[in-house]
Structure formats: C-alpha cells, structure tokens
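# A look at the structure
Here is what each chain is made of, one letter per residue.
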Amino acid sequence: MSVRLAHGIGDPPSYEPVAAVVALGANLGARAETLAAAVDELRLLPLTTDVRVSAPIETVAVTLTGEDADAPRYLNAVALLQTRLAPATLLRELHRIEADHGRVRREKWGDRTLDLDLIAYGDARIDEPHLTVPHPRAHEREFVLAPWHDVDPDAEIPGRGRVDALLAALREGAS
C-alpha cells in the first residue's frame, strides 16, 4: 500500500510512525483464539510495526444499561502499535478484521465475536461522525485501562491524564 493511499485522499502523508492503541474484546466463540488471531492480523497491517499486546483479562459484559452478569464474559486486551496508516484507514482495517471474524453490528454494546476499538492515535484529538479519538469512554473502562497499563505503565490518554491515575481513581470509586 502506498503512503498516499494509507493516509487517504486529501490527508497529508506522514512519514513518521504514530503510536496507536487498540482495545480488543470478545465474548462469543473461541475468545482467546480469536484475540490471538486478531493480534496476528494487526501485525500484518501495512505500514504498521512493533505490535505489543497485554495479557488478556476476563471481565463482565457491559451493556447500555450497565454490567450484565448473565451475558457471556469478555476477554479483553490492549495492543500498542506503531503505524503510518491514517486514523480513518486504521479504523477501516480494524472493522475489516472484525468482519473477518464474524462480527455483526446488530445492537450497540451487544455480544460479539470480536470488538476492536481505536482508543488513541498519538496525541491526536479527532471528533468526526465515524471516528473519535481518544475513545470517549476509555477513561471509564477498567477493561481498557488495566490491560493498557499492563503493557505500558507510563501511558497517557490525551486530555484525560495518566492511565495509572485514571485506573486508580476508577478502582477507588468502585469500592
């Protein structure tokens, strides 16, 4: 893929890699195998290198109405990667990987075979109809913060602060 295509029509090309954060989750099917396959596919993305992934954690499903202890439990992880793909192109690739693993978008926050969310893209702040980074709820989600902290203890969410401090505040609020 050419650098120009990777950045999309009209987007200025960047020759320097950007650190991106991708949250992975699955609560249907062979969860661990699906997450491992998704990480392998992240490693194969064009213009993308240095993919590092946290250990997976198991969490209760979160729905529009809150936690659902009766729903299948999730396996969650976070991948850090260096990429020259434009944010919208990276998001498109994440949606393609989800679809390749049987993801069907029927309901918001429903059960899924694979969920890949673009959490952060360097220091960028993007608020477009189909792309918001940093992810607007990442700072509220232990299933994002804990694995992210596992793989990068010095991480920060642009505009929100350090992941370790956000995680500690979230855990204090839960007790």
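Residues numbered from 1 in each chain as written. Predicted model: local features only at pLDDT ≥ 70, side-chain atom pairs only at ≥ 80, totals over all residues. Heavy atoms only, no water.

## Considerations on helix α3 (residues 87–100)
Relative to the 20 Å expected for 14 residues at 1.5 Å per residue, α3 spans 20 Å between its end C-alpha atoms, a close match to the ideal helical length. Those residues of α3 lying buried are P87, T89, L90, L91, E93, L94, I97 and E98. Phi turns positive, to about 85 degrees, at G102, one or two residues after α3. (Helix = DSSP H or I, 4+ residues; strand = E, 2+ residues; numbered from the N terminus. Expected span 1.5 Å × (residues − 1). Buried < 20%, exposed > 50% of the residue type's maximum accessible area, 1.4 Å probe, protein only.)

## Overview of the layout of surface pockets
Gaps between atoms show up when a probe of the same size as a water molecule is rolled over them. Taken as a whole, the second largest pocket holds about 230 Å³ of empty space. Contributing to the lining of the second largest pocket are 16 residues, with A19, V21, W148, D152 and E156 lying nearest its centre. For the lining of the second largest pocket, a count of residues per class yields nine nonpolar, two polar and five charged. (1 Å grid on protein atoms, 1.4 Å probe; cavity = no way out; pocket = protein on both sides within 12 Å on 5 of 7 lines; lining within 4 Å. Points joined across faces, edges and corners; volume = space filled by probe spheres on them. Nonpolar A, V, L, I, M, F, W, Y, C, P; charged D, E, K, R; others polar.)

## Details of the pattern of salt bridges
The tally for this structure, following the rule as stated, stands at nine salt bridges. Linking D100 and R96 is a salt bridge whose minimum nitrogen-to-oxygen distance equals 3.0 Å. Residue D100 and its partner R96 are located together in helix α3, separated by four residues, close to a single helical turn. With a closest N to O distance of 2.9 Å, R162 and D164 form a salt bridge. Residue R162 is classed as partly exposed on the basis of its relative accessible area, which comes to 33%. Residue classification places D164 among the partly exposed positions, given a relative accessible area of 26%. Taken together, the shared-partner salt bridges connect R31, E58 and R73 into one network. (Salt bridge = Lys/Arg side-chain N within 4 Å of Asp/Glu carboxyl O.)

## What to know about the environment of L94
Among the secondary structure elements, L94 is positioned in helix α3. Once the C-alpha coordinates of L94 and E41 are considered, the two residues, 53 residues apart in sequence, prove to be 9.4 Å apart. Among all residues touching L94, those that are not within four sequence positions of it are V22, L42, L116, D117 and L118. (Contact = heavy atoms within 4.5 Å.)

## Here we look at the nonpolar core
In globular proteins that are soluble, nonpolar side chains generally tend to be buried together. Counting 27 residues, the largest nonpolar core has L24, L42, L90, L116 and L118 as the members making the most contacts within it. Counting residues per element, the ones that place at least two in this core are β1 (18–26), α2 (31–43), β6 (74–83), α3, β7 (115–121) and β9 (131–133). In terms of residue count, the dominant contributor to this core is β1 (five residues). Here L118 is in contact with A20, V21, V22, P87, L90, L91, L94, L131, T132, V133 and H135, once residues within four sequence places are set aside. Residues L145, A155, I157 and L166 belong to the second largest nonpolar core, which totals 17 residues. (Core = buried A, V, L, I, M, F, W, Y, C linked by side-chain atoms within 4.5 Å.)

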